[in-house]
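In case you want the letters, here they are:
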Amino acid sequence: MSAILAIAGADATERTRRFTFIVAMAAALYAGYLYVPDIHARYATVAMHGHRGIYNSAYLATAIALLTSSFLGLIGFFLVRGSVERDRNFDVDGIVCASPVRRTTFLFGKFLSNLVTLCAIAGISLIAAMFMQQVRGEDRHFDALAFVMPFLMITVPAMATVSAIAIAFDVIKPLQGALGAILYVFLWTAFLSVPMSTTGGMRLSPYDPLGMTAVTSNLRAASVAAFPNEKNNDVTVVGIERLPKGQAQPYRFDGIRWSSAIIRQRLAWLAIALLLVLAGSVFFDRFRREAAGSRRRSFSADWGRILPNVERLRLVRAEFMLLINGASIWWLAGAIGLTVALALAPLDIVTRYILPVAFIWPLDRLSSLGARERFWNVADILGATRGYAARTLLAQWGCATLLGSLLCAGYIVRLAVTGDPVGALACIVVVSATAAAALAMGTLTGTSRFFEATYLMIWYVGPINQLPFLDYSQATLTAPLALLAIAGALSVGFLATAAVARSRR
C-alpha cells in the first residue's frame, strides 16, 4: 500500500505543477458559479418539468454531484489519460522496469493519482456551490453532511470509473491514440443515454456509472410531491433548461434517500473501476526494453519525402515530416481508403458518414501541434532562434492544412469538378481552421489533451449528431459561403492567438 501511495503522490505532485491543472481548477471554480443561476433567472441547470429546487444545501450538493460527474466525466478523461505513456516519453521507464514494483502496484498508483486529480477538480466546484448558496440567499442554512454525501456516493465512484478507463486505455496499445479518444466520447454518451433511456430517469438503473438515475429519481420524487397535479413525466437532467414564463415556483428537496439499492449500485461501480485497473495490468508491459525494441522495429516510412527537398521548402518539409512520420501503415491505408470513398461514394453518404471520419482521422497527428516543443523541452532553444515564432507557426499551420486537404482530396476535387468550387474551398478552410485551433490550444496549454477534448466534442455534436449550427460537414454543401466566412475568421483568430502566445514565451 505504501508503494501505491508513493507512486500516486509523485504523479499527483507532477500534475499539480502543470499549467493545465491550474486552468482546470479555474474552470471548475467558474463552473460552480454557473451551476447556480440567480434565483430570478429564466433558466436552470437541473430542472424537473420546468421547476428547479430551492437553493438549500441538499439540492445544491445533489445538483453539483450530477453536473460534475456528467461533464467532468468527459473532460476529466482527457485531463488524466496518458499518465502511463508519459513515463515512457520522459525516459523514466527504465527506473520502473528495474524496480521491484509490480504491474498492479504501479497501475493502482496511477489510478489513485487520476482519482485524486479529478476529485480535487470536482471538489472545487462543490466549494464554489457552498459559497453560492450564501450568495443567492434563498436558504442560507448550511448542512455539511448534505454536501459531503452526494460527493462521496455519486461523484467519487463516477470519477473512479473515468480514472480506471483512462488507465485501461493507456495500457491497451490500439487505444492509446486518437482511436481511444474517439471511442471514449461514444462511451461517455452511452453513460449518459443508456440509464436515462432504460428508466426515463424515474428509477434507479444498474447501468449507471455516473450515478444519474440515483439523483434524478430522488429529484423527481420531490418535484412530484410538491406539484402532484402536474404531469411530471419528462426529466431534464443536465444542461440549460429555459423555465416557463413568469417565475416558476421552486420545490423543496431535502436530500437523496440513501437506500440500500443506491449504496450497492455506487459501491458496485467503485469495485468495477478497481477490477478494470486490475484487468488492465494484463496488457501492461511494465516498460520492458524488448517491448520497446519491437516497437522500434515495426514498419514505418518517411512520408515527409512526398515534399521536394529544396532550400526554400526545407522548413516546411521538416515540419511535415514531424507531423506525419510515425504514422502506421494502417493509418495510411485508412487515409487512402477515405480519399477514394470521398471521390466515389454517393454525395449524401459522403457528407453524412465519410467526410466526418475524414475530418477526425488526422486527430492524433494534429493534436501535437503547438505542444510538441514544450513536450520535448526544446521550446527555449527554438524560441531563441530569429523569426522562430512567425516562420514555424506558418509552416506548421500550412503542413497541417496540407495533410487534412490530402485526406479530403477526393471530396475537394469532386466538388471543384462538378461546379461547386466554393464548397471545395470551404472544406479546405475548415481543415485550416482545425489546424489553427490545434496550434493555438497546444501553444496555450502545452498539451494535446485540451484540443483533443474540445475538437471531439464539437465533432460529435456537429457532424455526427447533425446539430445544425455545428454540422460543418453538411455545411460544405448547404451553406458553403457562411462556412467559408466563419472558418476563415476562426483560422485568423486562432493563428493570432498562437502567434501572441509564442511571442511572449
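Residues numbered from 1 in each chain as written. Predicted model: local features only at pLDDT ≥ 70, side-chain atom pairs only at ≥ 80, totals over all residues. Heavy atoms only, no water.

Colleague: What's the story with the overall build of the protein chain in this structure? I'm lost.
Modeller: On a plain count of helices and strands, the protein chain comes out with 23 helices and two strands. Within the span of the protein chain, comprising 505 residues, buried residues form 51% of the whole. A fraction of 78% describes how many contacts in the protein chain between residues 6 or more apart in sequence connect residues 24 or more apart. Surface summary for the protein chain: the accessible area is close to 23200 Å², and the carbon and sulfur share equals 67%. (Helix = DSSP H or I, 4+ residues; strand = E, 2+ residues; numbered from the N terminus. Buried < 20%, exposed > 50% of the residue type's maximum accessible area, 1.4 Å probe, protein only. Contact = heavy atoms within 4.5 Å. Areas by Shrake-Rupley, 256 points an atom, 1.4 Å probe, with all protein chains shown as cover.)

Colleague: Where do I start with the pattern of salt bridges in this structure?
Modeller: Opposite charge on two side chains makes pairing possible when the charged atoms of those side chains draw close. For the structure on display, the rule yields eight salt bridges. Notably, a salt bridge pairs Glu138 with Arg52, separated by 3.0 Å at the nearest N-O pair. In this pair, Glu138 is assigned in the loop between helix 6 (103-136) and helix 7 (144-171) and Arg52 in the loop between strand 1 (43-44) and helix 3 (57-80), connecting sequence segments 86 residues apart. For Arg252, the salt bridge goes to Asp254, with nearest N and O atoms at 3.2 Å. Taken together, the salt bridges that share partners define one network made up of Asp11, Arg15 and Lys110. (Salt bridge = Lys/Arg side-chain N within 4 Å of Asp/Glu carboxyl O.)

Colleague: What is the right way to look at the environment of Ala487 in this model?
Modeller: For Ala487, the location among the structural elements is in helix 23 (residues 480-503). Contact partners of Ala487, with chain neighbours within four places excluded, come to Val429, Val430 and Ala433.

Colleague: Would you explain unusual backbone geometry in this entry?
Modeller: Excluding glycine, residues mostly carry a negative phi; peptide bonds, for their part, are mostly trans. Not every positive phi belongs to a glycine, and Gln466 is a case in point at roughly 60°. The topology assignment puts Gln466 in the loop between helix 21 (449-464) and helix 22 (472-478). A relative accessible area of 33% means that Gln466 is categorised as partly exposed.

Colleague: Please clarify how helix 8 (residues 178-199) should be interpreted in this entry.
Modeller: The terminal C-alpha atoms of helix 8, which comprises 22 residues, lie 33 Å apart, in line with the 32 Å expected from a rise of 1.5 Å per residue. Of all the bends in helix 8, the greatest, near 25°, is centred on Ser193, and the proline Pro195 appears no more than four residues after it. (Expected span 1.5 Å × (residues − 1). Bend = angle between axes of the 7 residues up to and from the residue.)

Colleague: Help me out: how do you make sense of the nonpolar core in this one?
Modeller: Note that soluble globular proteins tend to have their nonpolar side chains buried in a common cluster. One finds Phe111, Phe359, Cys408 and Leu456 to be the most contacted residues of the largest nonpolar core, which totals 133 residues. Counting residues per element, this core draws most heavily on helix 7, which supplies 16 residues. In this structure Cys408 touches Leu342, Leu355, Ala358, Phe359, Cys427 and Val431, once residues within four positions along its chain are discounted. (Core = buried A, V, L, I, M, F, W, Y, C linked by side-chain atoms within 4.5 Å.)

Colleague: Looking at this structure, I do not really get helix 19 (residues 409-417). What am I missing?
Modeller: Along helix 19, the positions that sit buried rather than exposed are Gly410, Tyr411, Ile412 and Leu415. Looking one or two places after helix 19, you find Gly419, whose phi comes out positive at around 90°.

Colleague: I tried to follow the packing of aromatic side chains on my own but got confused; where do I start?
Modeller: By convention here, two paired aromatic rings are described through the distance between centres and the angle between planes. Tallied over the full model, the rule gives 12 aromatic pairs. Pairing Tyr59 with Tyr251 gives two aromatic rings, centres 6.4 Å apart and planes at 85°, and the pair type is edge-to-face. Placement of the pair is Tyr59 in helix 3 and Tyr251 in the loop between strand 2 (241-242) and helix 10 (260-280), with a sequence separation of 192 residues. Each member of the pair, Tyr59 as well as Tyr251, is classed as buried. Of the aromatic side chains, those joined through ring pairs into one cluster are Phe77, Phe78, Phe169 and Tyr184. Cation over ring: Arg52 sits above Tyr55, and NZ or CZ is 4.4 Å from the ring centre. Directly above the ring of Tyr353 sits Arg352, whose terminal nitrogen or CZ lies 5.1 Å from the centroid. (Phe/Tyr/Trp six-rings, centres within 6.5 Å; stacked < 30°, edge-to-face > 60°. Lys NZ or Arg CZ within 6 Å of the ring centre and 35° of its normal.)

Colleague: Whenever I open this one, the side chain of Ser432 confuses me. Can you help?
Modeller: Tracing the chain through its elements places Ser432 in helix 20 (residues 421-445). Among the residues examined, Ser432 registers a relative accessible area of 7% and is labelled buried. Within the structure, Ser432 has its side chain in polar contact with the backbone oxygen of Val429 (distance 2.7 Å). Excluding its chain neighbours within four sequence positions, the residues that come into contact with Ser432 are Trp397, Thr401 and Ser491. (Polar contact = N/O pair within 3.5 Å; in protein donor to acceptor, adjacent residues only side chain to side chain.)

Colleague: Can you help me understand the side chain of Arg15 in this one?
Modeller: Looking at the element boundaries, Arg15 is found in helix 1 (residues 2-16). Here Ser113 takes part through its side chain, which lies 3.0 Å from a polar atom of the side chain of Arg15. Among residues more than four places away in sequence, those in contact with Arg15 are Phe21, Leu79, Val80, Ser83, Arg86, Ser113, Asn114 and Thr117.

Colleague: Any chance you could explain the packing of helix 6 against helix 7 here in plain terms?
Modeller: Angle between the axes and distance between the axes: these two values describe a pair of packed helices. One can describe the packing of helix 6 onto helix 7 by two numbers: an axis separation of 8 Å at closest approach and a directional angle of 145°. Relative to helix 7, the crossing made by helix 6 is right-handed. For the contact of helix 6 with helix 7, a count of residues per class yields 19 nonpolar, five polar and one charged. (Axes fitted to C-alpha atoms, helices over the stretch in contact; angles between N-to-C directions. Left-handed = near helix turned anticlockwise from the far one by under 90°. Nonpolar A, V, L, I, M, F, W, Y, C, P; charged D, E, K, R; others polar.)

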